[in-house]
Amino acid sequence: MLRRLVALLALLPLLCLSGRPIRQALLPEVTLHPPLPEPLLITGSLGEFRSTHFHYGLDFSTGGEIGQPVFAVDDGYVSRIMFSRYGIGYGLWITHPNGRESKYGHLHEFASLITDAPSTAHLKEKLKFREEFTFRPPPRAIPVLRGAQVAVSGETGAGFPHLHFEYLDGTANLNPLRFGIMREDITPPILQEVRLMPATPESRINGEYEELVLQLETTGGPGPERKEPAPAAPARGGLCVLE
């Protein structure tokens, strides 16, 4: 699995972008149901850097195909559904008894328990012709049970077929991996390179205002070693590790 982990050195305990904190919950009070049939394969991780933002959730592979059943991770009710031609595509939010929300994106279609509900009858034409909309059903109007199928995976919005998933506590994005949504990852990462990037106009790396890429190679020791000599540290910068 190819992942990019970006760490801003000054913000190690808490990552925050545009008012949306991404944090670890101290105690995993609940164990979530898998949102897709197991085994799950993560193709995008929480907090990784995209071209213009940090990724707010997890991306799960659907094998490059449309049509995987999408399950509610816990009991609750449908609190929001939407369609956007760009971005999330068909999106679904479920509010749970503890006040948290789960969010599912890039869906192909919603399950019949949503589309046949009286509160969504006015959306049938929009769903049929894929017109953009956002709708918040009345609280508890569309109840769902843990493990119930709530949608079908797709490729609406941006990207190839996959499921985007978030677990939210208010405006905070929680790490779903801390709530039993996937078995422990026992595959060790293989580091490929380290990038040092100036963070301010005054920052310099080896006297230059430009990114420095350090290639790594595997040795017989406990981990990879860099090929190039150590650079002079920047006054203020960011660190990117590619594995």
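Summarised in this report is the structure supplied together with it. One numbering rule holds for all chains: residues counted from 1, following each sequence as written. In view of the model being predicted, local features appear only for residues whose pLDDT reaches at least 70, and side-chain atom pairs are presented and counted only at 80 or more, with totals across whole chains, interfaces and linings using the full set of residues. For side-chain calculations, the full set of non-hydrogen atoms in the structure is used, while hydrogens and water are omitted.

**A few points about the pattern of salt bridges**
Salt bridges, as used here, are contacts in which a Lys or Arg side-chain nitrogen is within 4 Å of a carboxyl oxygen on Asp or Glu. Using the criterion set out here, one finds five salt bridges in the structure. The shortest N-O distance in the salt bridge between Glu166 and Lys103 comes to 3.5 Å. Note that Glu166 is positioned in strand 13 (residues 162-169) and Lys103 in strand 9 (residues 101-110), a separation of 63 residues in sequence. Buried means the residue's accessible area, taken with a 1.4 Å probe over protein chains only, is under 20% of the maximum for its type, while exposed means over 50%, and partly exposed covers the values in between. The buried category is assigned to Glu166, whose relative accessible area is 3%. Among the residues examined, Lys103 registers a relative accessible area of 13% and is labelled buried. Measuring nitrogen to oxygen at the nearest pair gives 3.6 Å for the salt bridge that ties Glu131 to Lys126. Judged by relative accessible area, Glu131 falls into the partly exposed class, the value being 33%. A single salt-bridge network, built from bridges that share partners, covers Glu193, Arg195 and Glu211. Comment: elements are numbered from the N terminus, with helices defined as DSSP H or I runs of at least four residues and strands as E runs of at least two.

**Thoughts on the side chain of Ser203**
The residue Ser203 is located in the loop between strand 15 (193-198) and strand 16 (212-217) in this model. Counted as a polar contact is a pair of N or O atoms within 3.5 Å, where, for protein atoms, one must be capable of donating a hydrogen and the other of accepting one, and residues adjacent in sequence contribute only when both atoms are in side chains. A polar contact of 2.8 Å, which involves the side chain of Ser203, links it to the side chain of Thr200.

**Considering the pairing of strand 7 (residues 76-84)**
Along any regular strand, the residues point their side chains to alternate faces of the sheet. Burial within strand 7 is extensive, with eight of its nine residues counted as buried. At least two DSSP bridges between two strands are required for those strands to pair. Remark: four residues form the turn of the hairpin made by strand 7 and strand 8 (residues 89-95), two consecutive strands paired antiparallel; Gly87 in that turn has positive phi of roughly 100°. Relative to strand 10 (residues 133-135), strand 7 is paired through three bridges, and the arrangement is antiparallel. Across the sheet, Phe83 pairs through a bridge with Phe133, a residue of strand 10.

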